[in-house]
Amino acid sequence: MKLWYSEGIKDVYEWMDEGNEKGRDLIPVSSEVYAARIALLGSIFSVLGDGLSAIAAGMALQQAEIESAQEAKELKEADDQSKQVEALQKQIEQLTKRIESMEKRTS
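Procedures and definitions
- Residues numbered from 1 in each chain as written.
- Predicted model: local features only at pLDDT ≥ 70, side-chain atom pairs only at ≥ 80, totals over all residues.
- Heavy atoms only, no water.
- Helix = DSSP H or I, 4+ residues; strand = E, 2+ residues; numbered from the N terminus.
- Buried < 20%, exposed > 50% of the residue type's maximum accessible area, 1.4 Å probe, protein only.
- Areas by Shrake-Rupley, 256 points an atom, 1.4 Å probe, with all protein chains shown as cover.
- Expected span 1.5 Å × (residues − 1).
- Salt bridge = Lys/Arg side-chain N within 4 Å of Asp/Glu carboxyl O.
- Patch = residues over 30% accessible without salt bridge, like charges linked within 9 Å, V, L, I, M, F, W, Y side chains within 5 Å.
- Lys, Arg positive; Asp, Glu negative; His and termini not counted.
- Charge placed at Lys NZ, Arg CZ, Asp CG, Glu CD.

Scanning the protein chain from terminus to terminus reveals 2 helices and 0 strands. Looking at the protein chain as a whole, 7% of its 107 residues qualify as buried. Carbon and sulfur atoms form 60% of the exposed surface of the protein chain, whose accessible area is close to 9,800 Å².

Here it is as structure tokens:
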């Protein structure tokens, strides 16, 4: 099984040794060139890390928004239920008064 990043890492190692393998006798690669290449790789990894951090922050924000919306929906449903209970309580009180008034008339 081939991993998607295995070729990229192989290419990086080949790039790092490029000066030594292809032009060993012609142009030796100095330690400054290696240091510059390593610094470039470090910068690339840093940028990738920053990108992953930004993605993670975006995902956390999205999750927080979803949870907030669900909480608001639950509060609205609870408020609606409370209003329905109050309306039913009023109806019960009105019906009780009617029954009492009808009992007084028949007595």
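For helix H2 (residues 31-106), which comprises 76 residues, the first-to-last C-alpha distance of 112 Å matches the rise-based estimate of 112 Å (1.5 Å per residue) to within 8%. All of the buried residues in H2 are Tyr34, Arg37 and Leu41.

Taken as a whole and judged by the stated rule, the model has 2 salt bridges. With its nearest N and O atoms 3.3 Å apart, the salt bridge here joins Lys76 to Asp80. With Lys76 and Asp80 both in helix H2 and 4 residues apart, this pair spans about one turn of that helix. Note on Asp80: relative accessible area 31%, which makes it partly exposed. As a salt-bridge pair, Lys83 and Asp79 come within 3.6 Å of each other at their nearest N and O atoms. In this pair, Lys83 and Asp79 both sit in helix H2, 4 residues apart, roughly one turn of the helix. What makes Lys83 exposed here is its relative accessible area of 52%. Residue Asp79 is classed as partly exposed on the basis of its relative accessible area, which comes to 38%.

The next point concerns a negative patch on the surface. Together, Glu67, Glu71, Glu74 and Glu77 line one region of the surface with negative charge. Inspection of the secondary structure puts Glu74 in helix H2.

Together, Leu40, Ile44, Phe45 and Leu48 line one region of the surface with nonpolar side chains, adding up to about 400 Å² of accessible area. Considering the arrangement of structural elements, one finds Ile44 in helix H2.

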